[in-house]
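Breakdown of the fold
Okay, here's what each chain looks like letter by letter:
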Amino acid sequence: MFTKGLGLLTALLFTLSVSAQHEHATVMHANDSTESHEQKFAPGPFIMDHIGDAYEWHILDQGDFHLSVPLPVIVYSQSSGLNVFMSSHFHHGHESYKGFSIAHDGDHKGKVVELVGDEEIVPLDLSITKNVVSLFVSVIILMWIFFSIAARYKANPKSSPKGLQSLLEPLIMFVRDDIAKASIGHHYMKFTPYLLTIFFFIFFNNLMGLIPIFPFGANLTGNIAVTMVLAVLTFLITTFVGNKAYWTHIINAPGVPWWLKFPVPLMPVVELMGVLTKPFVLMVRLFANITAGHIIALGFFSLIFIFGEINVGLGYGVSILSVAFTIFMTMLELLVALIQAYVFTLLSALYFGMAMEEHHEH
Amino acid sequence: MQLVTPGIGLVFWMLVTFLTVLFLLTKFAWKPILNMIKEREDHIDNALKSANEARNEMAKLQADNEKILAEARKERDAILKEARETQDMIIAEAKHTAKAEAEKMVKAAQSAIESEKNAALASIKQQIVQLSIEVAENVLRKELSSETKQSGLMNDMLKDIKLN
């Protein structure tokens, strides 16, 4: 441990001494450059661009060369009807096409807007964005894996699991026994397919978000729209399977003094808020955890460019630390990927269990 | 703000895709997989149970065998013991009989010897008497062969007889 720390320190000192020689040249260059303002590295927008959604899948930039995969834009507005075209028509957001363009600022920054007369309107936007492509890729992988496993189960019933099957069977058993059975109880088999789907959907997408190579690396489970859909589905199931005891407990909680319910229905309001808070917390927890992981990794990489702008050598020096920290964070994120999938699934199962619980005594 | 505002497009695609995947996975993956796992679990349970039963059965059989063996051994011991006793008894009886027989024989021999001896003695006595008579006869015949000798004897005798 000590020698490792010493090595890092030596590397840092070395880069600092090298950077001192370069400083003069960099300052000269900065003075020469008239476009220094535009070239300046801005970590904020850089990070936000990466964790947000996009109409094209940006792979790399080298000077004026932009490598990105154009994706279809599908927009519908009352003025121009349905329009489907590739995002390459926007030329990376610099041009407008058929009156549509990507807003550079304002409330709809980054979204496709339509210019009707002088007014900017937001059309119904069902574009296949970067996150949608990532979603498709993930579900294709998900179905491919589980269909092939299911085929093996059918082909070799009653034999011990092999290969991918033996990797995933413990997880399937874990979701069935330790999440569904433990939290829901008697009727757990009805919910197990849903719990398995959300568990593996979240887990696979969390992992795919950690792979920084196309077509992975999108921040799908760190997108609020995705977590919202998942949370709303859990909320809807909870609401529909809720039995009499569950609703009684919300509207007329037993064992609570009457003056807390009448004339001001304090307890029912609190209980109802609790019902809505549960899915909201589910949504925010997954979104925040995964987004935070991406932000931290990108933050470490931004440090390289921030220091690199001050001095090229310093940038190289910092890159060692940044890569080391990012590796550490990625290890942590691997854990978080599993934990968040587990937490989301467990809490969903607990809510189902609560909604179906029979209250015999109070 | 953009970060926490759900995009309607993504919500739409997510909902459609997720529900489709949920349906497809449930129908073609989870149901078969869960059923197969359940079936296998039951199968393993049954196999374990029957193995256990078989083991118990084996143990019972072994115990039975042991018991039968022990019984047989006991029976053998009893038979052997009985045989030995019988043997001893027969030998003892034989000895006893032989002894009694021998005693009887000895007694009979003794009495036979006694009677033989008595008979022999009696016969010897008879012989002696006969011989004595014969000798006496011979002597007498010689003594009384002449008139003189007879008168001499008469005289002797008469001399002895004192007429009182």
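Note that this is a predicted model, so its numbers are computed, not measured.

Things to note about the overall build of chain B
Regarding its fold elements, chain B presents two helices and zero strands. Its C-alpha atoms give chain B a radius of gyration of 67 Å, clearly above 15 Å, the size a compact globule of 164 residues would have. If one aligns the C-alpha atoms of chain B with their principal axes, the spans along those axes are about 205 × 30 × 20 Å. Per-residue burial over chain B gives 12% buried out of 164 residues. Put simply, chain B shows about 13700 Å² of open surface, and 62% of that area lies on carbon and sulfur atoms. Across chain B, the centroid of the 24 positively charged side chains sits 4 Å from that of the 25 negatively charged ones.

Structural notes on the sheet that holds strand 6 (residues 112–116) of chain A
Residues and elements named next belong to chain A. The strand order 5-6-7 describes an open sheet built from three strands, whose pairing is antiparallel. Across the chains shown, the open sheet's two edge strands, defined by having one partner strand only, are strand 5 (100–102) and strand 7 (119–121). Strand-to-strand twist of the sheet, defined as the mean angle between neighbouring strand axes without regard to direction, takes the value 40 degrees. Pairing of strand 5 with strand 6, which is carried by three bridges, proceeds in the antiparallel orientation. Paired with Ser101 across the bridge in strand 6 is Val113.

Considering the sheet that holds strand 4 (residues 81–86) of chain A
All names here are of chain A. Taking strand neighbours across the sheet as the criterion, the three strands line up as 4-3-8 in an open arrangement whose pairing is antiparallel. Of all the strands in the sheet, the pair left with one neighbour each is strand 4 and strand 8 (124–125). Bridge count between strand 3 (residues 72–77) and strand 8: two bridges; the pairing is antiparallel. By the bridge assignment for strand 8, Tyr76 is matched with Leu124.

Side note on the nonpolar core
Grouped together as the largest cluster of nonpolar side chains are 74 residues, with contacts concentrated most on Phe146(A), Ile172(A), Leu195(A), Phe200(A), Phe201(A), Leu230(A) and Ile33(B). At the level of elements, helix 4 (130–155), helix 5 (164–184), helix 6 (188–210), helix 7 (224–241), helix 9 (266–310) and helix 10 (312–356) of chain A together with helix 1 (8–143) of chain B are the ones that each hand at least two residues to this core. No other element matches the 14 residues that helix 1 of chain B contributes to this core. Not counting chain neighbours up to four residues away, the residues in contact with Ile172(A) comprise Phe146(A), Leu196(A), Phe200(A), Trp30(B), Ile33(B), Leu34(B) and Ile37(B). Ranked by size, the runner-up nonpolar core spans eight residues in total, among them Val75(A), Phe85(A), Phe90(A) and Val112(A).

Cut-offs and rules
- Residues numbered from 1 in each chain as written.
- Chains lettered and ligands numbered in written order.
- Predicted model: local features only at pLDDT ≥ 70, side-chain atom pairs only at ≥ 80, totals over all residues.
- Heavy atoms only, no water.
- Helix = DSSP H or I, 4+ residues; strand = E, 2+ residues; numbered from the N terminus.
- Rg over C-alpha atoms; globule rule 2.2 N^0.38 Å.
- Buried < 20%, exposed > 50% of the residue type's maximum accessible area, 1.4 Å probe, protein only.
- Areas by Shrake-Rupley, 256 points an atom, 1.4 Å probe, with all protein chains shown as cover.
- Lys, Arg positive; Asp, Glu negative; His and termini not counted.
- Charge placed at Lys NZ, Arg CZ, Asp CG, Glu CD.
- Pairing = 2+ DSSP bridges.
- Axes fitted to C-alpha atoms, helices over the stretch in contact; angles between N-to-C directions.
- Core = buried A, V, L, I, M, F, W, Y, C linked by side-chain atoms within 4.5 Å.
- Contact = heavy atoms within 4.5 Å.

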